[in-house]
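# Observations on the three-dimensional arrangement
For reference, the chains in residue letters:
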Amino acid sequence: MDFLGSIVFLCLFSMAFAQQSMDIDHLDPDLLPRPLIIEFSESRLKNMSDDIAMHCTSWRVAVEANNLGPWKTIPDECADYVKDYMLGRSYNVDLEKVSHESGIYAKSLELGADGMDAWVFDIDETLISNLPYYSDHGYGLELFNNVQFDKWILEGVAPAIKPSLKLYEEVLSLGFKIILLTGRNENKRNITVSNLKHAGYQKWDKLVLRGEHEREKSASAFKSDKRKEIMEEGFRILGNSGDQWSDLTGSSTASRSFKLSNPMYHIP
């Protein structure tokens, strides 16, 4: 193409482009090409949220049914679910149900005249709540830290779990011996007694903590051994309340045990 032909071609191309631009100005802007943006509908987002809630509910049920193997933290995707459960009405309703059924059972029993019928209670997440501590640590999302948790214990301000306090008072009034069996170490005895009394638990017959030589035992082994000792003293353990399966299972078990809900941590 010669020089004159090139000039003519460029002029015609410029006129065509200008005309196209004028035509675009009159087009509906909704018909113009747009960047690719993927937007999920509200129903799609709700379905995704429902799937997570269903998964986390299934996980929590597996925890309470003792169907999971040992676990150290709650699933990442269940952090909001566990928080909502612990702070919402559902957790309290579950605790109230356990307390109610425990009370029905306790009142159905005819106690011996020798005063040796006993009810065993765990302490943490059974009689008193460490929820204020766990609310600062992801409701079980963080790995357990002994040092930080001991600092919390030493504050001695864990509140009572009200349905458990009600059951404790009922069992006490029925004439049961009250035995508190906890995985806390013996060096926490004084602060534990102070915290319990501050929370409303004023009387018990035994408070059993871990001795220095028992620290390496699993919770299940430790509590099984202690229940055996209690039975060898002549006590009949008719009821046992705890938030961990290790509070309730093993050997020398109670006539009937009651599991309180706790999806925040697992103690083998």
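Below is a summary of the structure that appears in this document. Along each chain, numbering runs from 1 in the same order as the chain's sequence is written. The model is predicted, so local features are restricted to residues of pLDDT at least 70 and side-chain atom pairs to those at 80 or more, both for listing and for counting; the totals for chains, interfaces and linings are taken over all residues. Neither water nor hydrogens contribute to the side-chain values; these are computed over all heavy atoms in the structure.

Defined by distance alone, a disulfide is two cysteine sulfur atoms within 2.5 Å. Summed over the entire model, instances satisfying the criterion amount to one disulfide. Covalent S-S linkage joins Cys56 and Cys78, the inter-sulfur distance amounting to 2.1 Å. Because the torsion about its S-S bond is -95°, the bridge between Cys56 and Cys78 counts as left-handed. With Cys56 in helix α2 (residues 42–64) and Cys78 in the loop between α2 and α3 (79–87), the pair connects residues that are 22 residues apart, well separated along the chain. With relative accessibility at 0%, the residue Cys78 sits in the buried group. The way it works is that DSSP assigns letters per residue, a run of H or I at least four long becomes a helix, a run of E at least two long becomes a strand, and they are numbered from the N terminus. Categorising residues by exposure relies on relative accessible area from a 1.4 Å probe, with only protein chains included: less than 20% of the type maximum marks a residue as buried, more than 50% marks it as exposed, and the intermediate range marks it as partly exposed.

Further remarks concern the environment of Asn195. Structurally, the position occupied by Asn195 is in helix α8 (residues 189–199). Classification of Asn195 by relative accessible area gives buried; the value is 2%. C-alpha separation for the pair Asn195 and Gly156, spaced 39 residues apart in sequence, amounts to 4.7 Å. Note on definitions: a residue-residue contact is assigned when non-hydrogen atoms from the two residues lie within 4.5 Å. Residues contacting Asn195, with those up to four places away along its chain left out, are Ile128, Gly156, Val157 and Ala158.

The next subject is unusual backbone geometry. Although it is not a glycine, Asn66 sits at a positive phi angle of roughly 60°. Secondary-structure assignment places Asn66 in the loop between α2 and α3. Phi at Ser252 is positive, roughly 50°, even though this residue is not glycine. Here Ser252 is to be found in the loop between α10 (245–248) and β5 (256–259).

Before going further, it helps to examine helix α9 (residues 219–232). What a helix should span is 1.5 Å times the count of its residues minus one. The terminal C-alpha atoms of α9, which comprises 14 residues, lie 20 Å apart, in line with the 20 Å expected from a rise of 1.5 Å per residue. Every buried residue of α9 is accounted for by Ala219, Ser220, Phe222, Lys223, Ser224, Lys226, Arg227 and Ile230. Residues of α9 that are buried in the fold lie against β2 (177–185), β3 (206–210), β4 (236–242) and α10. Taken from the residues just after α9, Gly234 is the one with a positive phi, measuring 110°.

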